[in-house]
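The primary structure of each chain is shown beneath.
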Amino acid sequence: MAVPKEKDFMPRLASCRILVVGAGGIGCELLKNLVLTGFEDIEVIDLDTIDVSNLNRQFLFQKCHVGRSKAEVAKESALRFNPKAKIVAHHDSVLKPKYGVPFFNEFTMVMNALDNQAARNHVNRLCLASDVPLVESGTAGYLGQVTVIKKGLTECYECQPKAAQKTYPGCTIRNTPSEPIHCIVWAKHLFNQLFGEADPDEDVSPDSADPELVGQAGKSALHNSSEDQSKASTTQDSQSPSNGNVVRVSTRAWASSHDYCPKKLFSKLFSEDILYLLSMEKLWENRRRPTPLTWEGAGTMDEEKEAKNDKGGIADQRLWSVKECQEIFSSAVQSIRKRLGGEVTELVWDKDDESSMDFVCACANLRAHIFGIQRKTRFDVKSMAGNIIPAIATTNAVIAGLIVLEGLKVLAGEFGAARTTYLNRRPNPRRRLLVPCALDPPRPQCLVCAPRPRLALKLSVAHTSVGALKDKVLRGALAMAAPDVEVVDGKGTILISSEEGETQENNEKMLKEFNIVDGTQLNCDDFLQNYNILVDIIDCDQLKDGAEFEVIGDPEQLKKEQAREQEKKEEEQSSSSTSATTPATSLFPPTAVLEDEDDLVCLDDVVVEKKRKVDEREKGEDEPPVKKARSGGKTEEEEEVMVLE
């Protein structure tokens, strides 16, 4: 990197405008570094408020700040390091429409200090649309990463597919949990069904899709529920009667009709539903049978004695007895219920909300007790429910320092000197914790930064609704914020509009009703992200593993892959026809090297990838080796580095 003269560079440093997105673990360290380096025009945006749990690593915050806006307090604390700096704080979500392309155009550079993929995708697209350089970062425990993204020069954040969040089969969650995480996921789904936005895919009621599995116990459970005029289920409120004279209503409607009575909820969830499951005899032929838990029978003397012996230590790390779980469940339901009403019709589960966290922990442990699964402390449940990897203050500090170093290169216009730098858990053979890699060019098949993004979408047009296309495909898989969809049929048919209420009547209709068939093209646009993509529909009634849809990628690439698969099948058929007379041989000669062989280790939200050394030139002692991130192979040093989401 050619270092610019100080007299020319420092005024540029002070006058450039920097947007920092996120004021948490990395964001606090980053703000401090920026003002101490000489940056004086900064805006910071963060939606969160300060929690007690933040104080051990977010050092711009103190106990007196708990409950206040992170962005506002971070601004106040950073100004103490450099009172000359001008810092504007936004206690808001970067996903809101007012923070669109015109807003991003005001800045010289954007620095991300985020902790979720949806916001990262959104900021990545806005930086591409406004052609503003982005310094991306992330940490996971002792691991960390910093990279530079510049439109047309480097890969964008979405060029490389991210590891999918781990999911669990619905039938396992509802019927046959076998691990603590299954009970925790069930409890989070239950919170949404009772207090939040209900999703049919998050049904918590026993799965009785196979009526032959239902026996006398299930009929008895249903009969008991029918005396209360309904059986709680997450089917639509207007569903016609089924299972005899039982009217199936939503879980929330059932709970509301009983005024969220903790005793009735407890009896239904942990006794009647379990009896219903027990009636499905085939489920328990090779499994441990669950034990229903009644309101009166919750907790035993042994458990209470065990709990008394475990009173010491940190409260969140003490295991609750079953009786305590029952009491906390009751108080949490009553506390959360009071927050519903008036303009507040739905709540969003938050791991930092005490009542919400107590509810999930109590429900998860009660269900675990019923199924003979090890119970977890509140601390453990919070970590698992919030997908939390313990944050390390020193990791955040190192990554924040690297963000500023890369930012200085960007400000100097030295994109060729910019690097993707990985912070590893252990030193490599050269005793280095930090491993810099050369930036990759844009990926031609990227669905975001390619000149004309295009993908193939497999789904059943007869069974996929417009609402599912909007919420699960466009907003979910493609991370669009305000999608508009037009059918490419020569008529300009508007399928989905981002204008509220304009196409709401389409949501329940199936795609087939709009004459969408195999080969139909959809023009999908997001004006907030200035993002457009052409979608080719592939009608398919059955997908792998019962998936609702499959995003395949570039249709032209798909055709090539299908052609290669066909050629491979023909070769296999040809070789099998001559196998009687020809001795078997390996598909590859002994000396062949599979250059594209991936070497990946998946750790839920983190992908650890072996990197290949691509620059074999002699290096000076102080100059780090240049490593190129590629899809496969290993470095000469067998270095493990991480690709963060």
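Just above, that's the structure.
Residues numbered from 1 in each chain as written. Predicted model: local features only at pLDDT ≥ 70, side-chain atom pairs only at ≥ 80, totals over all residues. Heavy atoms only, no water.

Enquirer: So what exactly am I meant to see when it comes to the packing of helix α2 (residues 25–37) against helix α15 (residues 393–411) here?
Expert: It is at 8 Å that the axes of α2 and α15 come closest, and there the two elements cross at 45 degrees. Between α2 and α15, the angle falls in the class oblique. Crossing of α2 over α15 shows right-handed handedness. Of the residues in α15, those in contact with G25, I26, E29, L30, N33, L34 and T37 of α2 are N396, A397, I399, A400, G401, I403, V404 and L408. (Axes fitted to C-alpha atoms, helices over the stretch in contact; angles between N-to-C directions. Helix = DSSP H or I, 4+ residues; strand = E, 2+ residues; numbered from the N terminus. Parallel < 35°, antiparallel > 145°, perpendicular 65-115°, else oblique. Left-handed = near helix turned anticlockwise from the far one by under 90°. Contact = heavy atoms within 4.5 Å.)

Enquirer: Would you mind going over the pairing of strand β4 (residues 109–112) with me for this structure?
Expert: What you see with β4 is no split at all: M109 and M111 on one side and V110 and N112 on the other are buried throughout. Here strand β1 (residues 17–21) runs beside β4; their pairing, made up of four bridges, is parallel. The partner of L19 across the bridge, within β4, is V110. Note that β4 and strand β5 (residues 134–140) share two bridges and pair parallel. Paired with V110 across the strands is L134, a residue of β5. (Buried < 20%, exposed > 50% of the residue type's maximum accessible area, 1.4 Å probe, protein only. Pairing = 2+ DSSP bridges.)

Enquirer: When you look at the sheet that holds strand β16 (residues 549–553) in this model, what are you seeing that I'm missing?
Expert: Sheets are built from strands that pair by backbone hydrogen bonding, the pairs being arranged parallel or antiparallel. Taken together, six strands build an open sheet; the order of strands is β13-β12-β14-β15-β11-β16 and the sheet is mixed. The sheet is open, and its two edges are formed by β13 (493–496) and β16, each paired on a single side. On average, each strand axis in the sheet is inclined to that of its neighbour by 30 degrees, with strand direction left out of account. Contacting β11 (454–459), β12 (483–487), β13, β14 (521–526) and β16, helix α16 (residues 466–477) runs over the sheet at an angle of about 70 degrees to β13.

Enquirer: How should I be thinking about unusual backbone geometry in this particular structure?
Expert: Leave glycine aside and you will find that most residues have negative phi; peptide bonds, for their part, are mostly trans. Although it is not a glycine, R431 sits at a positive phi angle of roughly 60 degrees. With respect to the helices and strands, the residue R431 is situated in the loop between β9 (419–423) and β10 (434–438). Residue R431 is classed as exposed on the basis of its relative accessible area, which comes to 76%. One non-glycine residue, A479, lies in the positive phi region at around 55 degrees.

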